[in-house]
Amino acid sequence: MIPSLLLALGLSAVEPAAADVAPPTDCAAPLAARVPEVATAALARIPDPGRRLLALQAYLHARDLPTRWSWDEARIRAYQGSAEQLAAQAALDRVQSAFRAANPGYQLHVNTQVRSLDVQLAHWNENASVAEAAQALVVDAGQACREAPGRFEAWLRAWRPAVRANLAAPGLSAHGQAHAFDFQVIADPSGVLVAGTDSRRIDADWRTGGWAARLQAAITASGMPFVGPLASPDEPWHYAWQPGPPAAR
């Protein structure tokens, strides 16, 4: 039997366990219908039911979602070479210079490419941490909807996984508007990656290896308006770019 929650989201069942506990249609359909059109379109591109429900939860939580939504291709093209892009690049150059001065033999690599919605969706649909959180959500949602269908939205908004997914829901990543950058430590001149963006290597490379503190020191020394690192999910390489008055940060 196809779970009615998945019917509400236009999907088919993929997990037998989830099928046994899927909530009825009226628990999910009103929620899926209320999110902005850009989010609805993104949901249609997430085939797995659990991942899709997890994204829906994020969209219901998001404030000013249309304003925060990742740029389309036209806006990404307009950003290239703009004053906004040049200012961010100059700030990144300052951070990289400060890091090299304090850490001879090492340099920072920064991916300055805006993370498009297509890329975010591809990552969301294959990421293991998203799969783990999504599977737990589908199972818990079935019980919550059966017990109190009238309070399902409040339950969904309050639900938290035991281990949080390490990606923002597609369309809500700060990388989608060039408002965040990920730094990686590279050995110079060999080009060997010393500390990257693998969440499994956070303790070994960034904490025990000391690179988290060294990166933060370079950010501070640069005097540039980067805020971070990101605490939840834990990403010592991720810093938000927030030019403007300090109070606004």
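In this text, all values refer to a predicted model and were calculated from it rather than measured experimentally.

**Student:** Can you lay out the nonpolar core for me, pointing to particular residues and giving the numbers?
**Tutor:** Ranked by size, the top nonpolar core spans 32 residues in total, and within it Leu-54, Leu-56, Tyr-59 and Trp-69 carry the most contacts. Counting only elements with at least two residues in this core, the list comes to helix 3 (25-34), helix 4 (37-43), helix 5 (49-61), helix 9 (117-126), helix 10 (128-147) and helix 11 (152-158). By size, the runner-up hydrophobic cluster in this structure holds 28 residues, among which are Leu-92, Ala-98, Trp-206 and Leu-215.

**Student:** I'd like a rundown of the pairing of strand 2 (residues 180-187), residues and numbers included.
**Tutor:** In terms of burial, strand 2 is a largely internal element, 8 of the 8 residues being buried. In the sheet, strand 1 (residues 106-110) pairs with strand 2 via 5 bridges, with the strands oriented antiparallel. When the sheet's bridge partners are listed, Val-110 is paired in strand 2 with Phe-183. Relative to strand 5 (residues 238-241), strand 2 runs antiparallel, the two sharing 3 bridges. Considered in strand 5, the bridge of Asp-182 is made with His-238. Here strand 2 runs beside strand 3 (residues 193-195); their pairing, made up of 2 bridges, is antiparallel. Residue Ile-186 lies in a different strand from strand 3, and its bridge partner there is Leu-193. Remark: 5 residues form the turn of the hairpin made by strand 2 and strand 3, two consecutive strands paired antiparallel; Gly-191 in that turn has positive phi of roughly 80°.

How each quantity is defined
Residues numbered from 1 in each chain as written. Predicted model: local features only at pLDDT ≥ 70, side-chain atom pairs only at ≥ 80, totals over all residues. Heavy atoms only, no water. Core = buried A, V, L, I, M, F, W, Y, C linked by side-chain atoms within 4.5 Å. Buried < 20%, exposed > 50% of the residue type's maximum accessible area, 1.4 Å probe, protein only. Helix = DSSP H or I, 4+ residues; strand = E, 2+ residues; numbered from the N terminus. Pairing = 2+ DSSP bridges.

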